[in-house]
Amino acid sequence: MMADGALSLAFHGAARTVTGSCMEFTHGDSTILVDCGMFQGSRTLERLNFAEFTFDPRKIDAVVLTHAHIDHSGLLPKLVKQGFKGPIWCTRPTADLLEYMLADSGRIQENEAERRNRRRDRAGDEPFEPVYDSEDAMAAWRKCRPVELEHYFEPAPSFRARLWNAGHILGSASVELYAGGVHVMCSGDVGPENKAFQLDPAGPSGFDHVICESTYGDRAREPVTIEQRRKLLQAEVEASLVRGGNLVIPAFALERTQELLLDLHALLQTGAIRNVHVFVDSPLANRVTEVFSRYTSELEDTGQRNIFNDPLFHFVTDVAESIKLNSTSGAIIMAASGMCEGGRVRHHLAHNLHRRDSTILLVGYQAEGTLGRVILEGAQAVRISGTDVRVRAQIRRIDSYSAHADQHELLEWIEERSPIAGTLFLDHGEASSMEGMRRELQRRSPGLNVRLPQIGERYELAAGKAARRTETGRADLEQAIGRDWQNAYADFATSLKRQLGELRSDRDRREAIVQMKEVLRSYAAHRAKHKTGK
């Protein structure tokens, strides 16, 4: 039971997982959201995007958006489609980026629905509806109301807020809230030290409650300067050129692609690497790069020059031009998505993973259940668009491009927000990361109240007191987080043909298939008997 006039907080995503960020704050008759992000990862987790919101979008007064990444902004069009009428408060760069990020997401939803309907028509199923379309995406973008960092504004009656630089990507912010005498800070995604383009995170100290991301809550990275990071990239580029194949880099369209271009430009300008053609095969990344160009004078590390105009950089938009890259060797190909879950990078993986002379360089976080994570963990074969692809390419990784703070940097950010009189919530992290962070926090500050919320949990927040849980989490989501049955099926399917081929004869292979079918029939019969109790 919620006390009259109390501030309540509900977690609707990014709790024990790294996507779907969405927090609901209610005080009196006013309700706001901090972020409204899309779930990404396993197919089971992505299905949550199609489920009904567990709140009424028509009763949300406003959204305060931390940044433009789709796992924080991607369900804003759905929110608008289902009746949200209020403003979306964010920084000016976030609003500029969101125009392209949401439009691209709308097109992806439409294309995915069209693809599924082509398959469903053959089966006579009901038409598949997209989560939202491009029109919904643009309707959401038009609700953006930009505000300056560190300036107070009132997102809704009885709420007061300020945005603080989070150092994560262009325009990213932490959200400071006052409501009902309670002082709260939502970290958003916190950037690391030595982050290209961005100043270090900032914010005031002394809060009742703090919600802090914990993507790398259990990991301490060795500090790497931008110059040291460029040395690592130089080594990977040189090794790939010696092998003779392509260097394929799955890269997030927003920030990661631009950071790589910054470093490649520096390496080319100084002669650290020989001239090599760099293809950015991502229409979204190309549009985002245009936004970065507008803010060149405000970005660190560019020398106030537009470094994206390098003559060796080729920004590919046309599909036919993208397909021509199939016959390319000795080039660098960057394409989205960074976790290999969609976009043109899957096309380039299908044409390069089987090549022993090619290299796949992973430079971003790979969530559980994603194709990128499967490749990173050493799969011998993967399934891409219904086709089995052997993994013969060199699989390499550079951790230094992370846009997220590691454990040490998160602890430093939390220390700078201290004292925390009530509760520190850890969100936006997988269970192991959150638990590792919690243990370290309690070792350092035994008296600090630390909570690891679940999706669906609701808390009452009071000034100077630990948060009180008023609603429990959704137990039905436990199976959706992490690797799901479709990941297991993909692993099984990609190895099945090879294992059958290793049998001695066609007769043995047919017999094995018969026995596998019998196992499935027997299991189905067992489950049916168990359900009926007979």
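Attention here is on the structure that accompanies the text. (Residues numbered from 1 in each chain as written. Predicted model: local features only at pLDDT ≥ 70, side-chain atom pairs only at ≥ 80, totals over all residues. Heavy atoms only, no water.)

1. Thoughts on the overall build of the chain
Inference 1: Across its full length, the chain holds 15 helices and 22 strands.
Inference 2: By the compact-globule yardstick of 24 Å for 534 residues, the chain fits well, its C-alpha radius of gyration being 24 Å.
Inference 3: Dimensions of the chain, computed from the C-alpha atoms along their principal axes, are close to 75 × 75 × 50 Å.
Inference 4: By sequence separation, contacts in the chain at least 24 residues apart represent 74% of the contacts at least 6 residues apart. (Helix = DSSP H or I, 4+ residues; strand = E, 2+ residues; numbered from the N terminus. Rg over C-alpha atoms; globule rule 2.2 N^0.38 Å. Contact = heavy atoms within 4.5 Å.)

2. Details of the pairing of strand β12 (residues 278-281)
Inference 1: Judged by which residues are buried, β12 turns out to be covered on both faces: Val278 and Val280 on one side and Phe279 and Asp281 on the other are all buried.
Inference 2: Here 4 bridges tie β12 to strand β13 (residues 313-316), and the two strands are oriented parallel to one another. The residue bridging Phe279 from the neighbouring strand is His314, located in β13.
Inference 3: With respect to chirality, the unit in which β12 leads through helix α8 (residues 283-294) into the neighbouring parallel β13 is right-handed.
Inference 4: In terms of strand pairing, β12 meets strand β14 (residues 332-335) through 3 bridges, oriented parallel. Bridge assignment links Val278 to a residue of β14, and that residue is Ile332. (Buried < 20%, exposed > 50% of the residue type's maximum accessible area, 1.4 Å probe, protein only. Pairing = 2+ DSSP bridges. Right-handed = clockwise from strand over helix to strand, strands pointing away.)

3. A word on the sheet that holds strand β1 (residues 7-13)
Inference 1: Read across the open sheet, the 8 strands follow the order β6-β5-β4-β3-β2-β1-β21-β22; overall the sheet is mixed. Either end of the sheet is taken by a strand with one partner, and the two such strands are β6 (144-146) and β22 (468-471). Looking at each pair of strands side by side, their axes are set apart by 30° on average, direction ignored.
Inference 2: Here strand β3 (residues 30-34) pairs with strand β4 (residues 62-64) via 3 bridges, running parallel. Counterpart to Val34 in the pairing with β4 is Val64. (Axes fitted to C-alpha atoms, helices over the stretch in contact; angles between N-to-C directions.)

4. Quick look at empty space enclosed by the protein
Inference 1: Applying the stated criterion across every chain yields a total of 3 cavities of 30 Å³ or more.
Inference 2: Of the volumes computed, that of the largest cavity is approximately 100 Å³.
Inference 3: Lining the largest cavity we find 18 residues, and of these Ser21, Met23, Asp35, Gly188 and Asp427 sit closest to its centre.
Inference 4: If one sorts the elements of the lining of the largest cavity by residue count, strand β10 (residues 207-213) sits on top with 3 residues. (1 Å grid on protein atoms, 1.4 Å probe; cavity = no way out; pocket = protein on both sides within 12 Å on 5 of 7 lines; lining within 4 Å. Points joined across faces, edges and corners; volume = space filled by probe spheres on them.)

5. Quick notes on the state of the cysteines
Inference 1: For the coordinates displayed, the defined rule picks out 0 disulfides.
Inference 2: Cys22 provides the cysteine sulfur closest to Cys36, a residue in no disulfide bond, and the two sulfurs are 4.5 Å apart.
Inference 3: Cys144 takes part in no disulfide bond, and the closest cysteine sulfur, belonging to Cys90, lies 4.2 Å away.
Inference 4: Cys144 sits in the buried class, given a relative accessible area of 16%. (Disulfide = S-S within 2.5 Å.)

6. Digging into the pairing of strand β11 (residues 247-250)
Inference 1: By the alternation rule, side chains of β11 split into Leu247 and Ile249 and Val248 and Pro250, which are all buried.
Inference 2: Across 2 bridges, β11 lies against strand β15 (residues 359-362) in parallel orientation. Counted as the bridge partner of Val248 is Ile360 from β15.

7. So, helix α5 (residues 134-141)
Owing to its 3.6 residues per turn, the α-helix aligns residues three or four sequence positions apart on the same side.
Inference 1: Regarding α5, the residues found buried are Asp136, Ala137 and Ala140. One side of α5 holds all its buried residues, which, seen down the axis, span an arc of 105°.
Inference 2: For α5, the side-chain oxygen to backbone nitrogen distance between the N-cap and Glu135 is 3.1 Å, and the N-cap itself is Asp133. (Arc of directions from axis to C-beta. Polar contact = N/O pair within 3.5 Å; in protein donor to acceptor, adjacent residues only side chain to side chain.)

8. Concerning the sheet that holds strand β7 (residues 160-165)
The pairing of strands in a sheet comes from backbone hydrogen bonds and takes either a parallel or an antiparallel form.
Inference 1: Within the open sheet, the 6 strands sit side by side as β7-β8-β9-β10-β19-β20. Their pairing is mixed. Only two strands of the sheet have a single neighbouring strand rather than two, namely β7 and β20 (449-451). Across the sheet, the mean angle separating the axes of adjacent strands is 20° when strand polarity is ignored.
Inference 2: Packed onto the sheet, helix α12 (residues 407-417) meets β8 (173-179), β9 (182-186), β10 and β19 (420-427) and runs at close to 165° relative to β10.

9. Quick notes on the packing of helix α7 (residues 256-270) against α8
Inference 1: At a minimum axis distance of 9 Å, the contact between α7 and α8 shows a crossing angle of 70°. Accordingly, the angle class assigned to the pair α7 and α8 is roughly perpendicular. At the point where α7 passes α8, the crossing takes the right-handed sense. Touching Thr257, Gln258 and Leu261 of α7 are Ala285, Val288, Thr289 and Phe292, all from α8.
Inference 2: Each residue belonging to the contact of α7 with α8 can be placed in one class, and the counts come to 4 nonpolar, 3 polar and no charged. (Parallel < 35°, antiparallel > 145°, perpendicular 65-115°, else oblique. Left-handed = near helix turned anticlockwise from the far one by under 90°. Nonpolar A, V, L, I, M, F, W, Y, C, P; charged D, E, K, R; others polar.)

10. Comments concerning the pattern of salt bridges
Inference 1: Per the stated rule, a full pass over the model turns up 33 salt bridges.
Inference 2: Among the salt bridges present, the one from Glu112 reaches Arg115, with a minimum N-O distance of 2.7 Å. Linking Glu112 with Arg115, this pair stays in helix α4 (residues 92-123), spanning 3 residues, or about one helical turn.
Inference 3: Among the ionic pairs, Arg383 bridges to Asp388, the shortest N-O distance being 2.5 Å.
Inference 4: Look at the salt bridges and you will find they share partners, linking Lys195, Glu227, Arg229, Arg230, Glu255, Arg256, Glu259 and Asp263 into a network. (Salt bridge = Lys/Arg side-chain N within 4 Å of Asp/Glu carboxyl O.)

11. Things to note about the packing of helix α6 (residues 226-243) against α7
Inference 1: Packing of α6 against α7 brings their axes to within 10 Å, and their N-to-C directions diverge by 80°. If you check the angle between α6 and α7, you find them roughly perpendicular. Here α6 contributes Ile226, Arg229, Arg230, Leu233, Gln234 and Val237 to the contact with α7, which in turn contributes Glu259, Leu260, Leu262, Asp263, Leu264, Ala266 and Leu267.

12. Considerations on the packing of aromatic side chains
Working definition: an aromatic ring pair is given by the centre-to-centre distance plus the angle between the planes.
Inference 1: In total, this model carries 11 aromatic pairs according to the counting rule given.
Inference 2: Among the aromatic side chains, those forming a connected cluster through ring pairs are Phe11, Phe425 and Tyr459.
Inference 3: The ring centre of Phe53 lies 4.6 Å from the NZ or CZ of Lys78, which sits over that ring. (Phe/Tyr/Trp six-rings, centres within 6.5 Å; stacked < 30°, edge-to-face > 60°. Lys NZ or Arg CZ within 6 Å of the ring centre and 35° of its normal.)

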